[in-house]
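Here's the letter readout for the chains.
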Amino acid sequence: MKKAFLLLLLLPLLSCSSGSEEKAVEIIEKSIAAHGGASRYEALNSFSFVKNSLLFDETGELESQSEVNHSYRYKPFFEGVMSWEKDSIKHEFKFDGLKASYKMGANEIQNPGFLQSRKLDFEGTHYVLVKPFDLLKSAKKLEYLGRTRLANELEVENIMVVDGDPEDAATDVWWYFFDVQSYQLVGYRVKTSGHFAQVYNKELDLQDGLLLPSKRESYRVDSAGNHLYLRAAYSFDKFQLNF
């Protein structure tokens, strides 16, 4: 009898949670369609681009800048390359689907910790660039949080995504923001490594049927999304997509 009573108490909560996830899926599906559609993205075999980054400190001073060539291939398996020059020396990171390697000039770097750090850079750039196309892949926890206003006063649909074990304190938590009319991805907030960052898509470009970011700004923010300072400005160009 007690179990039946407890189940009756939990039913509205379970129904609410299910409805929230269904609403999140609905919005994400509309966003994927607005960015070119799932079928177009799934047909993509490989792509490459150049990423330019400007990093600023909390006083607004330029901390560093870089220009990195990225290429990713999906089929027959996920692999790719990052390459750049620094002080006239070529740097190249490769992931062949199984292992990572890194060359600085003619020297191969084999330090496991360093390779893992570069692999995270490689995967991280891909992870944030291909949103919203992969938001419904793998076992992500999705929760629709309703409409909210960002620091720039833009009203957006807000979806929280936990991509990993929600019980693990080290798991990153993401909030994705979608335009209430076009459903295009406006930006996202992420809680990672003890701080919050908020990224805005400042410009989007249509590349062979896929709407991809061409300019982004990243702000260090507090937990409510209030801007603390501009942390980075990114541009993505020279896209080449192969289907």
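Our structure is the block above this text.
Residues numbered from 1 in each chain as written. Predicted model: local features only at pLDDT ≥ 70, side-chain atom pairs only at ≥ 80, totals over all residues. Heavy atoms only, no water.

J.: I tried to follow the pattern of salt bridges on my own but got confused; where do I start?
T.: Proximity of charged atoms lets side chains of opposite charge pair with each other. Applying the stated criterion across every chain yields a total of 11 salt bridges. Among the salt bridges present, the one from Glu-79 reaches Arg-73, with a minimum N-O distance of 2.2 Å. For Glu-79, a relative accessible area of 16% corresponds to the buried category. A relative accessible area of 35% means that Arg-73 is categorised as partly exposed. Across the pair Glu-123 and Lys-119 runs a salt bridge, and its minimum N-O distance is 2.5 Å. Here the residue Glu-123 and the residue Lys-119 both occupy positions in helix α3 (residues 112–129), the gap between them amounting to four residues, near one helical turn. (Salt bridge = Lys/Arg side-chain N within 4 Å of Asp/Glu carboxyl O. Buried < 20%, exposed > 50% of the residue type's maximum accessible area, 1.4 Å probe, protein only. Helix = DSSP H or I, 4+ residues; strand = E, 2+ residues; numbered from the N terminus.)

J.: What's the story with the layout of surface pockets in this structure? I'm lost.
T.: Any empty space left between the atoms is revealed when a probe the size of a water molecule rolls over them. Empty space within the largest pocket amounts to approximately 1500 Å³. Surrounding the largest pocket, 40 residues form its lining, Lys-51, Asp-121, Gly-124, Thr-125 and Tyr-234 being those nearest its centre. Of all the secondary structure elements, the ones that give two or more residues to the lining of the largest pocket are β1 (46–56), β2 (62–73), β3 (79–86), α3, β10 (185–192), β11 (195–207), β12 (210–221) and β13 (227–242). The dominant element in the lining of the largest pocket, judged by the number of residues it contributes, is α3, at nine residues. Of the residues assigned to the lining of the largest pocket, the class counts are 16 nonpolar, 12 polar and 12 charged. Approximately 260 Å³ is the volume found for the second largest pocket. In terms of lining, the second largest pocket is formed by Tyr-41, Glu-42, Leu-44, Tyr-74, Lys-75, His-126, Tyr-127, Asp-134, Lys-137, Ser-138, Lys-140 and Asp-163. Where the lining of the second largest pocket is concerned, the elements lending two or more residues are α2 (38–42) and α3. (1 Å grid on protein atoms, 1.4 Å probe; cavity = no way out; pocket = protein on both sides within 12 Å on 5 of 7 lines; lining within 4 Å. Points joined across faces, edges and corners; volume = space filled by probe spheres on them. Nonpolar A, V, L, I, M, F, W, Y, C, P; charged D, E, K, R; others polar.)

J.: I tried to follow empty space enclosed by the protein on my own but got confused; where do I start?
T.: Enumeration over the complete set of coordinates arrives at one cavity of 30 Å³ or more. The computed volume of the largest cavity comes to approximately 50 Å³. If you trace the largest cavity, you find it lined by Tyr-41, Leu-44, Phe-47, Leu-129, Val-130, Phe-133, Leu-210, Leu-212 and Leu-241.

J.: Where do I start with the nonpolar core in this structure?
T.: For soluble globular proteins, the rule of thumb is that nonpolar side chains tend to be buried together. If you look at the biggest cluster of nonpolar residues, it comprises 40 residues, and the most contacted ones within it are Phe-47, Tyr-176 and Phe-178. In contact with Phe-47, other than residues within four places in its own chain, are His-70, Ser-71, Tyr-72, Tyr-74, His-126, Leu-129, Val-130, Gln-240 and Leu-241. Membership of the second largest hydrophobic core comes to 12 residues, among which are Met-160, Val-173, Trp-175 and Val-221. (Core = buried A, V, L, I, M, F, W, Y, C linked by side-chain atoms within 4.5 Å. Contact = heavy atoms within 4.5 Å.)

J.: Quick question: what am I supposed to make of the pairing of strand β9 (residues 173–179) here?
T.: For a regular strand, side-chain orientation follows a simple rule: the groups alternate between the two sheet faces. Among the seven residues in β9, six count as buried, and that is most of the element. Sheet topology places strand β8 (residues 155–162) next to β9; seven bridges connect them, and they run antiparallel. By the bridge assignment for β9, Val-161 is matched with Trp-174. Relative to β10, β9 is paired through six bridges, and the arrangement is antiparallel. Within β10, the position partnered with Phe-177 by the bridge is Gly-187. Connecting β9 to the antiparallel partner β10 that follows it, the hairpin turn spans five residues, and Tyr-183 within it adopts a positive phi of roughly 65°. (Pairing = 2+ DSSP bridges.)

J.: Looking at this structure, I do not really get the pairing of β13. What am I missing?
T.: With nine bridges connecting them, β1 and β13 associate as antiparallel partners. For Val-50, the partnering residue across the bridge sits in β13 and is Asp-237.

J.: Would you explain the side chain of Ser-214 in this entry?
T.: Tracing the chain through its elements places Ser-214 in strand β12. Excluding residues that lie within four positions of it along the chain, Ser-214 makes contacts with Glu-203, Leu-204, Asp-205, Tyr-234, Ser-235 and Phe-236.

J.: How do you make sense of the packing of aromatic side chains when you look at a structure like this?
T.: Here a ring pair, both rings aromatic, is described through the centre-centre distance and the interplanar angle of the planes. On inspection of all chains with the given rule, the structure shows 22 aromatic pairs. Ring centres 6.2 Å apart and planes at 40° place the aromatic pair Trp-175 and Phe-196 in the tilted group. With Trp-175 in strand β9 and Phe-196 in strand β11, this residue pair connects regions lying 21 residues apart in the sequence. Like Trp-175, the residue Phe-196 is buried in the burial classification. Where Tyr-176 meets Tyr-188, the ring centres are 6.0 Å apart and the plane angle is 45°; that geometry is what we call tilted. A residue pair is termed long-range when its members are at least 10 positions apart, and Tyr-176 in strand β9 and Tyr-188 in strand β10 qualify at 12 residues. (Phe/Tyr/Trp six-rings, centres within 6.5 Å; stacked < 30°, edge-to-face > 60°.)

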